[in-house]
Structures are given as structure tokens and as C-alpha cells.
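As a plain string of letters, each chain reads:
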Amino acid sequence: MAKAPKANRPEARLPKGFRDTPAAEVRQLSHMLATIRQVYESYGFEPLETPAIEYTEALGKFLPDQDRPNEGVFSFQDEDEQWLSLRYDLTAPLARFVAEGIKTQTLPLPFRRYAVGPVWRNEKPGPGRFRQFTQFDADTVGTDNVAADAEICMLAADTLEALGLKGKYVIKVNNRKLFEGIRQVLGITSDTQWLTAMRAIDKYDRLGWDGVESLLRDGRKDDSGDFTPGAALSEPQAKEILAIFNKAAITDVLDGTNDYALQALRESKFAMNSLFEEGLKELEKISALSMAAGYDASVIRIDPSVVRGLEYYTGPVFEAELTFEVKNEDGQTVRFGSVGGGGRYDGLVERFTGQKVPATGFSIGVSRLQAALAALGTTRQEGYGPVVVLVMDKDRVADYQKMVQRLRRPDDGGAPIRAEMYLGTAGMKAQMKYADKRHAPCVVIQGGDEKAKGEVQIKDLIEGAKASETIKDAKEWREGRPAQVSVPEADMVATVREILARHKA
RNA sequence: GCCGCCUUAGCUCAGUUGGUUAGAGCACCAGAUUGUGGAUCUGGGGGUCCCCCGUUCGAGCCGGGGAGGCGGUACCA
């Protein structure tokens, strides 16, 4: 093969923000997805798959223009010059699907579906943030019943429990209507001012109330020296906002109820406002429903500091937050924070149909959750590789292939054993190294001597590794052949099975 | 997007005031060892010193620009 001139060779590399997933992680992931799916199914949600690509206008983002065709979403033009985009979440395609179903009158409402798959965002990747990641969503479309929202919260809680996170998470619940009520009472007319104020509140977790206050007022300079402009609210406005959140968003009240937070909201001056009151009633209902179903406030908690998608949600909003911390390999404390979220969005389908179609749902950030589970050590250890049958005599490949098949399909009807014949061309020592790297539990060896006796040698690599810790002399482990047995050919499968059983637990 | 730090072998890193052929440890490959992974010894393969331009007799080192990575911050459907 002619070598390409060195300068012309492409560099083997991945675009930034994308990654490959090795075997162990793929296995963990599919196990995790199966667990989530089971919970979603148990709530009666039905699976739905939609394509990765939609018309850009159907996704409800801006149309890309000549200057910035790919801001935020990956987009390109079809042959007919229509703009297409990779989906950036699973909710926008759902809205499109539902709108079509309503148009053709083929969709029974309420419609409840779950969906899982990769989504893409064309933005700067960061720690734990990629340009392709997986979401797992469940949504109920076509009802404004608060019970649907309460159930979404329970679903989120059950899912995290099923993943082994009992006591390590909380589903925080708030209501966008509270914010709208507060805004009306305070008489804030400027949208940008109000958006800035809400973003400030959202940063409470990280900055504390002092940080939030400076962002509500003049702005704040962070540690990197960057200045974040504030919302420029008046001092009384800022104080009133802080007062209510300060009081109601106390998250360490551990009496198991939401009474304190709800009472603080009820007693605030904003309770006079009809929107605020409506939001409060919905929160009370969600709290009552989840308490009645056995989820106390340590699991599903009313927390007025939750903000989330600003121009998107119209009622209750949810956030699934992990509450534990973990030290990374550098000894730094890592907090995973939010691993999912959702809420009520009554306006999404309306874009297509012109009629209001209320909907509520929840989305899990699968990759982030997986990283958290891995850090917790909750995930299963990586298993052993296949049994490797060595090729001692190249003329007898057919015999070795037969041995592998006997392991894969035992004629005693026992469970299949993962096995492979060495497919390279190297000598025995290299084959042993190969088996070691594959994490093979054992190897099967049959050279001329064994063949003559009708036997096979089976070497337990895991036992052998243990033995090597005490054996220091090369000759000793070589000649002593630790963890190696010679058995009649007929006993090969049974002997391998014994070794696998020994290392099972 | 903005701010800061970083980039030398597969990995972790040395590399003097600018000076010959750029090093170490680990990893990898091979041999010592009729047919045995993990010990020891010996040998070996690996480099666009991130890229480009400039200064200089001479640049891994100095200057300018760019890219990539990391951290923070902003945005986040």
C-alpha cells in the first residue's frame, strides 16, 4: 500500500464536544436506559421514535440566516433549499408530532409518550457538556390537570430510586405563575429586566442570596474578573423579591412536609395577586398529591428558587437535583447538581395549530446521570472478557475453532460461554498477553503433547495473577504452572464453567 | 462570547543565559526462556518540541498571530 505523503494525511481526531463510548460504558448505559424505560412503561407511557432531523422552522427556533446559519443548532440546507436541523431536544419534535396528529385527527388525547435518543447542540462544550448527548423524556400532552404534573414528579423520583439513588436526590418543584404574579405586583414592565432578574434567582445555588441581590441590582464581578450586568431593579423591588425567596426557599427544613414553604408563600404580600394565587394553589395540589402517594418533601419538594427554561414553561417547573458530593481523582469536590428537569408548557403545540394544547413533561440528562452514577461507584464493575482458545499449531485451526464452538454452544445444553479463538498470527507468549489484555478469565491450551493424550490445558488467568503477587522468581511460576489444570478434552466445558463460577461473585 | 492558565514520545513530565544528534520514568515490542500473561535483565521502535509568521549565524526556549485543551464566567430550548 502506497503511503500518503505525510503532509496530506488527515488527522485522526474527533470534532470537539463529541466523544466515543468504550465497551464498559456502552454496557452501563444500556442497563441504565433499560431501568429508566421500565419505570416509564410502568406509568403507562408509550414509546415514540422521531427522526434526528426536522425542518428548522418546525423546531421552533429562528430560521438560520446567511451570517449565522448554525447558531445553537446544527443546520444545513436540503436540495430544495429548505433549512433542516438536528433536533436539540425531544420536546420540539413531540410538539410537531402532536400537531400533525391533531391536524389529521388521529391522536387520542391525552397523549402520553416517552422517547430516548441523542440530541445535538452547536455550542461551546464544557466540563460534562457535549455537543451530542442523550435525553430520556416522558410527556403528557392534552390535559391541564395538575395531577399530570404531580405524576411527572413521582415518575422522576421513581426513576432515580430505580437507579439506586435513594436519599441522594430531590425533585424540586416551583411554578412559573408565582413569578408572573410577583412581576405584576412589582410592576416590572421591561422583559429584559425581568429575564435578568429571574436568571439572577436561578443562580442562588451557586452565588447565595448576596450574589443574587447584586445581580438584581447593579451587577456583579466574578472571580475571573468578568462583570455580569444586573437587572437594575430598585432597592425595594430587590428586597421584596429576596424577602419572599429567602423565606420560602429554605431547603433544609426537614420535617418532611412542604408546609413551611407553602405557608411563607401564602402569607406574602404577593398572595393578593390572582396569578400568584393560582400558581400557589397548583403547588399545594402537587404537594398534597405527592404526599398522599407517599413522597414526602425530602423527595418532592416545593422550592420557589427553581427557574429553568425562561420563555418556555408556563406553569409548574421541576428540577431533579443530586444532593451528594464526590471527590474526583484530583481531590476536588464535584457536585453534579441537576440531572433532569421539566415542567408545563402550554404554548408549544399552539405554534402549529393555533389552539392551546396543554402539556407537561420531564427530561433526564442521561450522560450526566451516568457520570454521577459512575462517580458513586453504583455501576457494575466491568466484567471479564471471553475465554481465549490459543492457537498452538497453525495446522489445527479447525480443531480450535471446534473447541470455541463447544464453549459457545455447550452440547450439554448449558448456558453459552463467551469464547473466541485467537485470530492473530503471533506466537504463544503474545497470545497470553493478548488474553490478559482482553481480561479473559482463562485460556484453553492444546499443543501436540495434550493432543496426543486427548487432553487440554486450562489456565485460570485470574488465579494466576493472584499467584504472581507472591511468586517472585520467573522459573517458579513458569515451571510450576500455577492455576493451570490438564483435563480430558471431554471435560473442557465443565472445567471452564467451574472457573467462571469461581470468579462470579 | 468574555477572563485566566496550559500544549515537548502512547502516558506523566525534565530540558541551563538561545548553541551539535531533544531526554527520563512508565507503557509498548523483541530476546534471555522446548510451549505460558504478571518478576528481573538486555535490546528495540516510536517526536512536525501544537501550527504559521517574525527576530537571530542559530529557536523547544525570544516576539506576533492562530489552533487545541483545562478552569472560571455568560448563555442554555
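Since the model is a prediction, treat every value here as computed from it, not as a measurement.

Enquirer: Kindly report on helix α12 (residues 366–376), identifying the contributing residues and their values.
Expert: When we look at burial in α12, the residues that qualify are V366, L369, Q370, A372 and L373. Seen from one end, α12 has its buried residues packed into an arc of 160°, which puts them on one side. Positive backbone phi, approximately 75°, marks G377, located one or two places after α12.

Enquirer: Go over helix α18 (residues 492–502) with me, naming the residues and quoting the values.
Expert: Within the span of α18, buried status applies to M492, V493, T495, V496 and I499. Projected down its long axis, α18 shows its buried positions confined to an angular sector of 165°, all on one face. Among the exposed residues of α18, those pointing more than 90 degrees away from its buried face are E498 and A501. Lining the buried residues of α18 we find β14 (387–389), α13 (397–408), β16 (442–445), β17 (455–460) and β18 (484–488).

Enquirer: Let's hear about the packing of aromatic side chains: which residues, and what values?
Expert: Scanning the model with the defined rule gives ten aromatic pairs in all. An angle of 50° between the planes, with centres 6.2 Å apart, marks the rings of F18 and F74 as tilted. Linking F18 in the segment before α1 (23–42) with F74 in the loop between α2 (56–59) and β3 (75–77), this pair joins segments that are 56 residues apart in sequence. The class of F74 is buried, set by a relative accessible area of 18%. For the pair Y114 and F136, a centre-to-centre distance of 6.0 Å together with 35° between the ring planes defines the contact as tilted. With Y114 in strand β5 (residues 111–120) and F136 in strand β6 (residues 132–141), this residue pair connects regions lying 22 residues apart in the sequence.

Enquirer: An account of the pattern of salt bridges is requested, with residue identities and associated values reported.
Expert: A side chain of one charge can pair with a side chain of the opposite charge when the charged atoms of the two come close. Under the defined criterion, the tally for this structure stands at 25 salt bridges. In this structure, the salt-bridge partner of E151 is R112, at a minimum N-O distance of 2.6 Å. One end of the pair, E151, is in helix α4 (residues 146–162); the other, R112, is in strand β5, with 39 residues separating them in the sequence. With a relative accessible area of 21%, R112 lands in the partly exposed category. A salt bridge links R113 to D139; the nearest nitrogen and oxygen atoms lie 2.4 Å apart. A residue pair is termed long-range when its members are at least 10 positions apart, and R113 in strand β5 and D139 in strand β6 qualify at 26 residues. When its relative accessible area of 2% is taken as the criterion, D139 is described as buried.

Enquirer: Describe in detail the sheet that holds β3, supporting the description with residues and values.
Expert: With respect to topology, three strands assemble into an open sheet ordered β2-β4-β3, the strand pairing being antiparallel. Of all strands in the sheet, those with a lone pairing partner are β2 (53–55) and β3, marking the two edges. Put simply, the sheet's adjacent strands are angled 35° from each other on average, direction ignored. Relative to strand β4 (residues 83–86), β3 runs antiparallel, the two sharing three bridges. Each bridged residue has a counterpart across the sheet, and for S75 the counterpart in β4 is S85.

Enquirer: If you had to explain the nonpolar core to someone new, which residues and values would you point to?
Expert: Of all hydrophobic cores here, the largest spans 73 residues; its most connected members are Y40, I171, I182, L216, I241, L322 and L369. The dominant element in this core, judged by the number of residues it contributes, is α4, at nine residues. Residues in contact with L322, not counting those within four places in the same chain, are L165, K168, Y169, F336, G337, V339, L369 and A372. Core analysis: the second largest hydrophobic core is formed by 27 residues, I417, V456, V493 and I499 among them.

Enquirer: Explain the pairing of β6 to me, and be specific about the residues and the numbers.
Expert: Most of β6 sits inside the fold, with nine of its ten residues counted as buried. Here β6 pairs with strand β13 (residues 359–365) via seven bridges, running antiparallel. When the bridges of β13 are listed, D137 appears paired with S363.

Enquirer: Which residues make up the pairing of strand β7 (residues 169–175), and what are the values?
Expert: For β7, the tally of buried residues reaches seven of seven residues, placing the bulk of the element in the interior. Judged by which residues are buried, β7 turns out to be covered on both faces: Y169, I171, V173 and N175 on one side and V170, K172 and N174 on the other are all buried. The sheet contact formed by β7 and strand β10 (residues 300–302) spans three bridges and is parallel. Within the sheet, the bridge partner assigned to V173 lies in β10 and is I302.

Enquirer: Break down the side chain of D149 for me, with residues and values.
Expert: Looking at the element boundaries, D149 is found in helix α4. Of the residues examined, D149 reaches a relative accessible area of 1% and is grouped as buried. Every residue in contact with D149, bar those within four places of it in the chain, is listed here: I286, P316, F318, R344 and T360.

Enquirer: Run through the sheet that holds β18, naming residues and quoting values.
Expert: The five strands lie next to each other as β15-β14-β16-β17-β18, forming an open sheet whose pairing is mixed. Each having just a single partner strand, β15 (419–421) and β18 make up the two edges of the open sheet. The average angle at which neighbouring strand axes cross in this sheet is 25°, direction not considered. Alignment of β17 against β18, held across five bridges, turns out to be antiparallel. By the bridge assignment, E455 is partnered in β18 with P488. Against the sheet, helix α16 (residues 461–468) touches β16 and β17, its axis set at about 55° to β17.

Enquirer: Go over the side chain of R176, please, and point to the residues and values.
Expert: Locating R176 in the fold gives a position in helix α5 (residues 176–186). As a buried residue without a salt bridge, R176 has its nearest oppositely charged side chain in E180, at a separation of 6.9 Å.

Enquirer: Outline the environment of A372, supporting the account with residue identities and numerical values.
Expert: For A372, the position within the fold is in helix α12. Separated by 37 residues in the primary sequence, A372 and R335 place their C-alpha atoms 8.9 Å from one another. Beyond its immediate stretch of four places on either side in the chain, A372 contacts L322, F324 and F336.

The rules we used
Residues numbered from 1 in each chain as written. Chains lettered and ligands numbered in written order. Predicted model: local features only at pLDDT ≥ 70, side-chain atom pairs only at ≥ 80, totals over all residues. Heavy atoms only, no water. Buried < 20%, exposed > 50% of the residue type's maximum accessible area, 1.4 Å probe, protein only. Helix = DSSP H or I, 4+ residues; strand = E, 2+ residues; numbered from the N terminus. Arc of directions from axis to C-beta. Contact = heavy atoms within 4.5 Å. Phe/Tyr/Trp six-rings, centres within 6.5 Å; stacked < 30°, edge-to-face > 60°. Salt bridge = Lys/Arg side-chain N within 4 Å of Asp/Glu carboxyl O. Pairing = 2+ DSSP bridges. Axes fitted to C-alpha atoms, helices over the stretch in contact; angles between N-to-C directions. Core = buried A, V, L, I, M, F, W, Y, C linked by side-chain atoms within 4.5 Å. Lys, Arg positive; Asp, Glu negative; His and termini not counted.

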